[in-house]
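# Reading the structure
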Amino acid sequence: IFNFQQIKRLADYSDVELKVLAPLPWYYRNDIKEKENIGVIPVMHPRYFMLPKLGRSLYGYFFYRSLLNTVKQIYNDFNFDIIFSTWVYPDAYGSYLIAKEIGKPIVIKAHGSDINTYINYSLRKKMIASALTYSKKVVAVSKGLKEKIISIGVPAEKVVVLYNGVDTQLFRPLDKEKCREKMNVPLNKKVFLYAGNFVKGKGIEYLIEAFSKTFAHSNEYLLLLAGSGNLKKALKKKVSKLGLLDKILFVDRLPHEKMPLIM
């Protein structure tokens, strides 16, 4: 969603013409169209080769080889000036190889674990450093991330901090009681909310344990867990084992426009 929003904002500028490549692994579901328009933005979903959990240091190269001809074909009809790539590895690394081959500049955006985690692997660290050093600019979403990027040898003057923004037309103070009624949240409870993916590293299991130890015997509090992910089944089992299915409630993943209501 954040990629979609920043691309949409770029498209709002009258002097910017965009085409978007949103590649998918070859094994991903087949019901996604190869080409579509999202608003006024043309989007292509080419496939790229990779083997899940195998040969991760080759993912960037596979990305490059799989998409090179597609980018060249686009360039024949759409003489673009620059490539903008988000998520440093494998996406931005593969895009850097393409940019280098066709002689176009690239701007790369780093988000977090694409730097914090992947630079702990020596080969990927070298590849990431080469891509970021080649790029015209590197966008980091925090000062800490900028420092990490500089620490692997990327010139400081290339790295710009741009914090993630908030759509204040959508996310703004709303009437709490009306929101609770719409989302079927009791009016007489104090509510804790987790909204995000149910994946390893988010620490949801610790949140459940903390809530259990603190509020298990109180009827005053609720914990809402909103989202989806591969840990959902295990988390539900944990809540059931703790006997807290009436106090820790699971909410299905919500469309973006409904997030302000539950928040």
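One can find the structure itself at the top, above this paragraph.
An account of the accompanying structure is given in this report. Keep in mind that what you see is a predicted model, and the values were worked out from it rather than measured.

### A closer look at the sheet that holds strand β10 (residues 190-195)
Pairing within the open sheet is parallel, and its three strands lie in the order β10-β11-β12. Both edges of this open sheet fall to β10 and β12 (248-251), since each of them pairs with a single strand only. If you compare each strand with its neighbour and ignore which way they point, the axes differ by 20° on average. Pairing of strand β11 (residues 221-226) with β12 involves four bridges; the strand directions are parallel. Paired with L223 across the two strands is I248, which belongs to β12. Where helix α8 (residues 204-215) meets the sheet, it contacts β10, β11 and β12, and its direction lies at approximately 170° from that of β11.

### What about the environment of V185?
Turning to its location among the elements, V185 is positioned in the loop between α7 (176-182) and β10. The exposure class assigned to V185 is buried, which follows from its relative accessible area of 12%. Sequence spacing of V185 and A156 is 29 residues, and the spatial spacing of their C-alpha atoms is 48 Å. Contact partners of V185, with chain neighbours within four places excluded, come to R180, V191 and L224.

### Looking at the sheet that holds strand β3 (residues 35-38)
The strand order across the open sheet formed by three strands is β1-β4-β3, and the pairing between neighbours is mixed. Looking at strand neighbours, the two that pair on one side only are β1 (20-21) and β3, the edges of this open sheet. Two elements, β1 and strand β4 (residues 41-44), share two bridges in a ladder whose sense is parallel. In the strand pairing of β4, V20 is matched with V43.

### Here's the deal with the pattern of salt bridges
According to the stated counting rule, one finds six salt bridges in the structure shown. Of the charged contacts, one joins E209 and K238 as a salt bridge, the two residues approaching to 3.0 Å between their closest N and O atoms. With E209 in helix α8 and K238 in helix α9 (residues 232-241), this residue pair connects regions lying 29 residues apart in the sequence. E209 gets classed as partly exposed once you look at its relative accessible area, which sits at 31%. Note on K238: relative accessible area 26%, which makes it partly exposed. For K247, the salt bridge is made with D246, and the minimal N-O distance between the two is 3.6 Å.

Procedures and definitions
- Counting restarts for each chain: residues are numbered from 1 in the order of the written sequence.
- In keeping with the model being predicted, local features are shown solely for residues with a pLDDT of at least 70 and side-chain atom pairs are shown and tallied solely at 80 or more, while totals for entire chains, interfaces and linings include all residues.
- Side-chain numbers come from the whole structure's heavy atoms, not from hydrogens or water.
- Only strands that DSSP links by at least two bridges are regarded as paired with each other.
- Helical segments are the DSSP runs of H or I of at least four residues, strand segments are the runs of E of at least two, and each set is numbered from the N terminus.
- In this analysis, axes come from line fits to C-alpha atoms, helices being fitted only over the stretch in contact, and the angle between any two N-to-C directions falls in the range 0 to 180 degrees.
- We call two residues in contact when some of their heavy atoms are within 4.5 Å.
- To sort residues, take the accessible area from a 1.4 Å probe on protein chains only and compare it with the maximum for the residue type: under 20% means buried, over 50% means exposed, and anything in between is partly exposed.
- Each salt bridge in this description consists of a side-chain nitrogen of Lys or Arg and a carboxyl oxygen of Asp or Glu lying within 4 Å of one another.

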